[in-house]
Amino acid sequence: MESKHERPGVTILSGFLGAGKTTMLRHVLAQAEGRRWAAVVNDVAAMNIDGAMVETVNSGAEVVQLENGCVCCSNRDDLGESLARLAAEGSFDHIFVEASGVAEPRALAQLFVQKNPFGRSLGDFTALANLVTVVDVAVLAEQVRDMREGTSAANNPAVMPGAPRPLVELMLEQIECADLVVLNQCDRAAADDRVAVSALVTGLNARAQIIETERGQVPSEVLVDRVRFDAMETLGGAAWIKTLNAVADGVVANGVGGANEPGARASSRPTVVRSVPTDGPARHEARFGLRSFVYQARRPFRRDDLKALVESGLPGLVRAKGFLWLAEAPDEMGFLSVAGGISRWDTLNPWWAAMIEAGRATRDDLPPGVRAAWVEPKGDRRQELVFIGVALDEPAIRAKLDAALVPAD
Ligand SMILES: Nc1nc2c(ncn2[C@@H]2O[C@H](COP(=O)(O)OP(=O)(O)OP(=O)(O)O)[C@@H](O)[C@H]2O)c(=O)[nH]1
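A brief look at the structure comes next. (Residues numbered from 1 in each chain as written. Predicted model: local features only at pLDDT ≥ 70, side-chain atom pairs only at ≥ 80, totals over all residues. Heavy atoms only, no water.)

### Describing the pairing of strand S6 (residues 180-184)
Here's step 1: Counting buried positions along S6 gives five out of five residues, so the element sits mostly inside the fold.
Here's step 2: The side-chain alternation of S6 yields two buried faces, one formed by Leu 180, Val 182 and Asn 184 and the other by Val 181 and Leu 183.
Here's step 3: Examined bridge by bridge, strand S5 (residues 127-136) and S6 share five bridges and lie parallel to one another. Residue Val 134 lies in a different strand from S6, and its bridge partner there is Val 182.
Here's step 4: Pairing of S6 with strand S7 (residues 209-212), which is carried by four bridges, proceeds in the parallel orientation. In the sheet register, Leu 180 faces S7, and the bridge partner there is Gln 209. (Buried < 20%, exposed > 50% of the residue type's maximum accessible area, 1.4 Å probe, protein only. Helix = DSSP H or I, 4+ residues; strand = E, 2+ residues; numbered from the N terminus. Pairing = 2+ DSSP bridges.)

Following this line, the structure appears as structure tokens:
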């Protein structure tokens, strides 16, 4: 084990929408046992559903929520400021960053190694320990099957410059730039699929350690105690980068083979690393065609109508999640999560309004976030759902959601 840095260590959790980052972070924070940890949570939409979920773990960790943009592009300064502040406080040994599901880990890692115009980088305040990518094995297995079977032009459309890129490209890039790849949701994947996905990950990034798990059940030591990040190795870990370097070194004749092999050494020449564009807030929309919107309402849903709507499949939907107020259980905060074509319905805790009505809390107990969202007479009971997808028909979805609400009096 490498010695601990005096600066707080940082573990970055990346991974495609719905892979299980928040589930894993909650599991890890629950293991804090008095250790001085903090978490910075970023969500892709204008509302930080993940941050609110992480705050429900009573671990003692400070949770900082970053909203209004993804940390790998439009929200970089906020991430930098939050990490610098947490480091300056001197009270934390380790900080976890949960990136949004569309974040590119390479862009995040570069914040720690590349100096800004003032000659500073996040590496001056903190020590990046691990870039971790969480993968939904079942979803990636499906993509591997499509890639294998996709021999026709229709399955392999050419992406012209400036056009949105397929989302699978983002998934693969997240794997290429990782020190540790967590293959999550193994309970949903067949054994053959697990083997195929593991082979794909090794092919893309032979250097990364791979862990298979369910529900993000990893021991915290794996993320905290061992420092794996190495700027040259991690940023140059992708098989294609190693191959290019080997070609440039004259090690590989045709740019194929050799450098992909486990244990292949990185070239000593400067690593070829793609530059990171910094083109503002609309980057994910422009690059991958992904858009998000937030649906809010102050009336309860009829459970069956909402279920029927969600299960009918909304064209273009990649991810939906958020808090629900259901007419059938008006005192319980519901949680809906749609990812990889599967919808999950959970109950979290009672609404604060229900607790006050039952005499179990008073208005003075309300946390600031709840106070800010309070509207009489129903208090914090509300709908707050984020929809993320490609070419979503937002007005049509909003109209269908409105129709699933209990009619206004
Ligand atoms: N069956 C199964 N479900 C899981 C597993 N891990 C997470 N889930 C569920 O998958 C859904 C997505 O999990 P999250 O932890 O919210 O995923 P995420 O990566 O944080 O999602 P985004 O922040 O939206 O990108 C939730 O409904 C989880 O309960 C798993 O290993 N198996």
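### Some thoughts on the packing of aromatic side chains
Here's step 1: Tallied over the full model, the rule gives four aromatic pairs.
Here's step 2: Seen in terms of ring centroids, Phe 293 and Phe 387 are 5.2 Å apart; in terms of plane orientation they differ by 15°. Their pairing is stacked. Pair noted here: Phe 293 is in strand S8 (residues 290-297) and Phe 387 is in strand S12 (residues 383-390), with a separation of 94 residues, a long-range link.
Here's step 3: When the centroid spacing of 5.7 Å and the interplanar angle of 55° are considered together, the rings of Phe 323 and Phe 335 count as tilted. Here Phe 335 lies in strand S10 (residues 332-339) and Phe 323 lies in strand S9 (residues 317-324), a separation of twelve residues in the sequence. Of the two residues, Phe 323 and Phe 335, both sit in the buried class. (Phe/Tyr/Trp six-rings, centres within 6.5 Å; stacked < 30°, edge-to-face > 60°.)

### A closer look at the sheet that holds strand S1 (residues 9-14)
Here's step 1: Strand order across the open sheet formed by seven strands is S3-S2-S4-S1-S5-S6-S7, with parallel pairing between neighbours. The sheet is open, and its two edges are formed by strand S3 (62-66) and S7, each paired on a single side. Shown here is a sheet whose adjacent strand axes are inclined to one another by a mean of 20°, direction ignored.
Here's step 2: Across five bridges, S1 lies against strand S4 (residues 94-98) in parallel orientation. Directly across from Gly 9, in S4, lies its bridge partner His 94. (Axes fitted to C-alpha atoms, helices over the stretch in contact; angles between N-to-C directions.)

### Section: the pattern of salt bridges
Here's step 1: Enumeration over the complete set of coordinates arrives at 14 salt bridges.
Here's step 2: Across the pair Asp 124 and Arg 120 runs a salt bridge, and its minimum N-O distance is 3.1 Å.
Here's step 3: When its relative accessible area of 42% is taken as the criterion, Arg 120 is described as partly exposed.
Here's step 4: Of the charged contacts, one joins Glu 384 and Arg 382 as a salt bridge, the two residues approaching to 2.6 Å between their closest N and O atoms. Assigned by exposure class, Glu 384 and Arg 382 land together as buried.
Here's step 5: Members of the salt-bridge network, linked through shared partners, are Lys 115, Arg 120 and Asp 124. (Salt bridge = Lys/Arg side-chain N within 4 Å of Asp/Glu carboxyl O.)

### Topic: the site of the ligand
Here's step 1: Close contacts around the ligand come from 21 residues, with Thr 22, Thr 23, Asp 50, Arg 215 and Lys 321 the closest.
Here's step 2: Thr 23 places a side-chain nitrogen or oxygen 2.5 Å from an oxygen atom of the ligand.
Here's step 3: Here a nitrogen atom of the ligand sits 2.8 Å away from a polar atom, N or O, in the side chain of Asp 187.
Here's step 4: For the ligand, whose accessible area on its own is 650 Å², the fraction buried by protein is 94%.
Here's step 5: For the shell around the ligand, the secondary structure elements donating two or more residues are helix H1 (21-29) and S9.
Here's step 6: Here the shell around the ligand takes three residues from H1, the largest share from any one element.
Here's step 7: Class assignment of the residues belonging to the shell around the ligand gives a composition of three nonpolar, eight polar and ten charged.
Here's step 8: Per-domain counts for the shell around the ligand show at least three residues from each of domain 1 (9-235) and domain 2 (239-403). (Near = heavy atom within 4 Å. Polar contact = N/O pair within 3.5 Å; in protein donor to acceptor, adjacent residues only side chain to side chain. Areas by Shrake-Rupley, 256 points an atom, 1.4 Å probe, with all protein chains shown as cover. Nonpolar A, V, L, I, M, F, W, Y, C, P; charged D, E, K, R; others polar. Domains from an automatic or database assignment.)

### Some words on unusual backbone geometry
Here's step 1: Cis peptide bonds are those with omega within 30 degrees of zero, and the linkage from Glu 376 to Pro 377 qualifies with 5°.
Here's step 2: Mapped onto the elements of the fold, Pro 377 is located in the loop between helix H14 (368-372) and S12.
Here's step 3: Even without a glycine there, the phi angle at Glu 33 is positive, about 40°.
Here's step 4: Judged by relative accessible area, which is 72%, Glu 33 ranks as exposed.
Here's step 5: Positive phi values are uncommon outside glycine, yet Gln 185 reaches one of about 65°.
Here's step 6: Note on placement: Gln 185 falls in the loop between S6 and helix H7 (191-204).

### Remarks on the side chain of Arg 382
Here's step 1: With respect to the element layout, Arg 382 can be found in the loop between H14 and S12.
Here's step 2: Classification of Arg 382 as buried rests on a relative accessible area of 14%.
Here's step 3: Within polar-contact distance, the side chain of Arg 382 engages the backbone oxygen of Asp 380 at 2.7 Å.
Here's step 4: Side chain to side chain, Arg 382 and Glu 384 meet in a polar contact 2.6 Å long.
Here's step 5: Other than its neighbours up to four places away in sequence, Arg 382 contacts Ala 297, Arg 298, Phe 323, Leu 324, Trp 325, Trp 351 and Ala 373. (Contact = heavy atoms within 4.5 Å.)

### Examining the packing of helix H3 (residues 76-89) against helix H4 (residues 105-113)
Here's step 1: Axis separation between H3 and H4 bottoms out at 12 Å; the angle between their running directions is 50°. Relative to H4, the element H3 is oriented oblique. Crossing of H3 over H4 shows right-handed handedness. Residues Arg 76, Leu 79 and Leu 83 of H3 lie in contact with H4, whose contacting residues are Ala 107, Leu 108, Leu 111 and Phe 112.
Here's step 2: Of the residues contributing to the contact of H3 with H4, the split by class is six nonpolar, no polar and one charged. (Parallel < 35°, antiparallel > 145°, perpendicular 65-115°, else oblique. Left-handed = near helix turned anticlockwise from the far one by under 90°.)

Without other data, these values stay purely geometric and don't point to any function.
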